Amino acid sequence: MNAGSPRCGRLPDSEYVELAVEVFAMLADATRVRIIMALRDAGELSVNHLADIVDKSPAAVSQHLAKLRLARIVATRQDGTRMFYRLKNEHAQQLVADAGAALQSIEIANSTRRRITPQQRK
(Lines give C-alpha, C1' and ligand atoms only; values in the text may rest on other atoms or scores of the structure.)
Protein backbone atom coordinates (compact mmCIF):
# COMPACT_ATOMS: atom_id res chain seq x y z
CA MET A 1 0.00 0.00 0.00
CA ASN A 2 1.92 3.05 1.32
CA ALA A 3 4.92 1.19 2.73
CA GLY A 4 7.42 2.94 0.47
CA SER A 5 5.97 6.45 0.67
CA PRO A 6 6.87 8.96 3.39
CA ARG A 7 4.15 10.06 5.79
CA CYS A 8 3.45 13.81 5.77
CA GLY A 9 6.60 14.41 3.69
CA ARG A 10 8.87 13.43 6.57
CA LEU A 11 11.83 11.56 5.17
CA PRO A 12 14.41 9.80 7.36
CA ASP A 13 16.98 12.48 6.49
CA SER A 14 14.68 15.42 7.29
CA GLU A 15 14.96 17.85 10.19
CA TYR A 16 12.08 16.02 11.88
CA VAL A 17 14.49 13.27 12.87
CA GLU A 18 16.48 15.76 14.94
CA LEU A 19 13.29 17.12 16.49
CA ALA A 20 12.15 13.61 17.38
CA VAL A 21 15.50 12.93 19.03
CA GLU A 22 15.14 16.10 21.11
CA VAL A 23 11.63 15.16 22.23
CA PHE A 24 12.64 11.60 23.12
CA ALA A 25 15.69 12.90 24.98
CA MET A 26 13.44 15.22 26.97
CA LEU A 27 11.19 12.28 27.86
CA ALA A 28 14.10 9.94 28.64
CA ASP A 29 14.22 11.08 32.27
CA ALA A 30 12.03 9.32 34.85
CA THR A 31 11.43 12.49 36.89
CA ARG A 32 10.25 14.41 33.82
CA VAL A 33 7.92 11.56 32.86
CA ARG A 34 6.53 11.53 36.42
CA ILE A 35 6.01 15.30 36.23
CA ILE A 36 4.13 14.95 32.94
CA MET A 37 1.97 12.18 34.40
CA ALA A 38 1.21 14.25 37.52
CA LEU A 39 0.25 17.26 35.42
CA ARG A 40 -1.88 15.04 33.20
CA ASP A 41 -3.79 13.80 36.23
CA ALA A 42 -4.07 17.10 38.12
CA GLY A 43 -4.17 19.67 35.35
CA GLU A 44 -2.15 22.37 37.09
CA LEU A 45 0.28 22.14 40.01
CA SER A 46 2.83 24.25 41.85
CA VAL A 47 6.49 23.28 42.07
CA ASN A 48 6.13 22.29 45.73
CA HIS A 49 3.12 20.11 45.05
CA LEU A 50 4.91 18.44 42.12
CA ALA A 51 7.97 17.90 44.31
CA ASP A 52 5.81 16.05 46.84
CA ILE A 53 4.22 13.92 44.14
CA VAL A 54 7.47 12.90 42.41
CA ASP A 55 9.40 12.67 45.69
CA LYS A 56 12.16 15.09 44.66
CA SER A 57 13.32 18.42 46.07
CA PRO A 58 11.57 21.57 44.79
CA ALA A 59 14.93 22.72 43.37
CA ALA A 60 15.32 19.51 41.34
CA VAL A 61 11.73 19.67 40.09
CA SER A 62 12.21 23.31 39.18
CA GLN A 63 15.21 22.38 37.02
CA HIS A 64 13.20 19.70 35.23
CA LEU A 65 10.29 22.08 34.73
CA ALA A 66 12.63 24.67 33.20
CA LYS A 67 13.75 22.10 30.62
CA LEU A 68 10.16 21.06 29.93
CA ARG A 69 9.18 24.71 29.55
CA LEU A 70 12.03 25.37 27.09
CA ALA A 71 10.85 22.34 25.10
CA ARG A 72 7.32 23.84 25.14
CA ILE A 73 5.92 20.78 26.88
CA VAL A 74 4.68 22.73 29.92
CA ALA A 75 3.33 26.25 30.35
CA THR A 76 3.24 28.46 33.42
CA ARG A 77 0.79 30.70 35.22
CA GLN A 78 1.84 33.02 38.01
CA ASP A 79 -0.43 33.75 40.95
CA GLY A 80 1.26 36.23 43.25
CA THR A 81 4.64 34.72 44.10
CA ARG A 82 3.64 31.17 43.20
CA MET A 83 4.17 29.62 39.79
CA PHE A 84 1.81 26.95 38.52
CA TYR A 85 2.58 24.51 35.72
CA ARG A 86 0.30 22.73 33.27
CA LEU A 87 0.82 20.61 30.17
CA LYS A 88 1.03 22.69 27.04
CA ASN A 89 1.93 19.98 24.56
CA GLU A 90 -0.60 17.18 24.37
CA HIS A 91 1.71 15.21 22.08
CA ALA A 92 4.25 14.68 24.85
CA GLN A 93 1.45 13.47 27.12
CA GLN A 94 0.30 11.09 24.38
CA LEU A 95 3.85 9.76 23.88
CA VAL A 96 4.07 8.97 27.60
CA ALA A 97 0.64 7.30 27.54
CA ASP A 98 1.54 5.30 24.41
CA ALA A 99 4.83 4.18 25.94
CA GLY A 100 2.99 3.02 29.06
CA ALA A 101 0.46 1.10 26.98
CA ALA A 102 3.22 -0.51 24.92
CA LEU A 103 5.10 -1.57 28.04
CA GLN A 104 1.93 -2.94 29.56
CA SER A 105 1.23 -5.07 26.48
CA ILE A 106 4.84 -6.33 26.47
CA GLU A 107 4.54 -7.26 30.16
CA ILE A 108 1.26 -9.09 29.50
CA ALA A 109 2.86 -11.01 26.62
CA ASN A 110 5.90 -11.87 28.74
CA SER A 111 3.80 -13.01 31.70
CA THR A 112 1.73 -15.21 29.40
CA ARG A 113 4.89 -16.81 28.03
CA ARG A 114 6.22 -17.43 31.54
CA ARG A 115 3.13 -19.40 32.51
CA ILE A 116 3.45 -21.80 29.58
CA THR A 117 5.61 -24.75 30.58
CA PRO A 118 7.91 -26.52 28.10
CA GLN A 119 5.52 -29.49 28.11
CA GLN A 120 2.65 -27.22 27.12
CA ARG A 121 4.61 -25.88 24.13
CA LYS A 122 4.96 -29.36 22.61
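Residues numbered from 1 in each chain as written. Predicted model: local features only at pLDDT ≥ 70, side-chain atom pairs only at ≥ 80, totals over all residues. Heavy atoms only, no water.

By the naming in an unreviewed UniProt entry, the protein is Transcriptional regulator, taken from Microbacterium enclense.

Participant: Just to check I follow, could you spell out the nonpolar core for this structure?
Facilitator: Nonpolar side chains tend toward joint burial in soluble globular proteins. With 21 residues, the main nonpolar core has Ile35, Leu39, Leu50, Val61, Leu65, Ile73 and Val74 as its most contacted residues. Those elements that provide at least two residues to this core are α2 (30-42), α3 (47-54), α4 (58-70), β3 (82-87) and α5 (90-115). Not counting the four nearest positions on each side in its chain, leucine 65 is found in contact with Ile35, Val47, Leu50, Val74 and Tyr85. (Core = buried A, V, L, I, M, F, W, Y, C linked by side-chain atoms within 4.5 Å. Buried < 20%, exposed > 50% of the residue type's maximum accessible area, 1.4 Å probe, protein only. Helix = DSSP H or I, 4+ residues; strand = E, 2+ residues; numbered from the N terminus. Contact = heavy atoms within 4.5 Å.)

Participant: Can you walk me through the pattern of salt bridges in this structure?
Facilitator: Pairing between side chains of opposite charge can happen when their charged atoms approach one another. This model, assessed by the stated rule, comprises two salt bridges. Aspartate 41 is the salt-bridge partner of arginine 40, the closest N and O atoms lying 3.0 Å from each other. Taking the relative accessible area as the measure of exposure, arginine 40 reaches 33% and is therefore partly exposed. According to the relative accessible area criterion, aspartate 41 is exposed, its value standing at 61%. A salt bridge links arginine 77 to glutamate 44, with the nearest nitrogen and oxygen atoms 2.6 Å apart. Taken as a pair, arginine 77 in strand β2 (residues 74-79) and glutamate 44 in strand β1 (residues 44-46) lie far apart in primary sequence, 33 residues in all. For glutamate 44, a relative accessible area of 28% translates into the label partly exposed. (Salt bridge = Lys/Arg side-chain N within 4 Å of Asp/Glu carboxyl O.)

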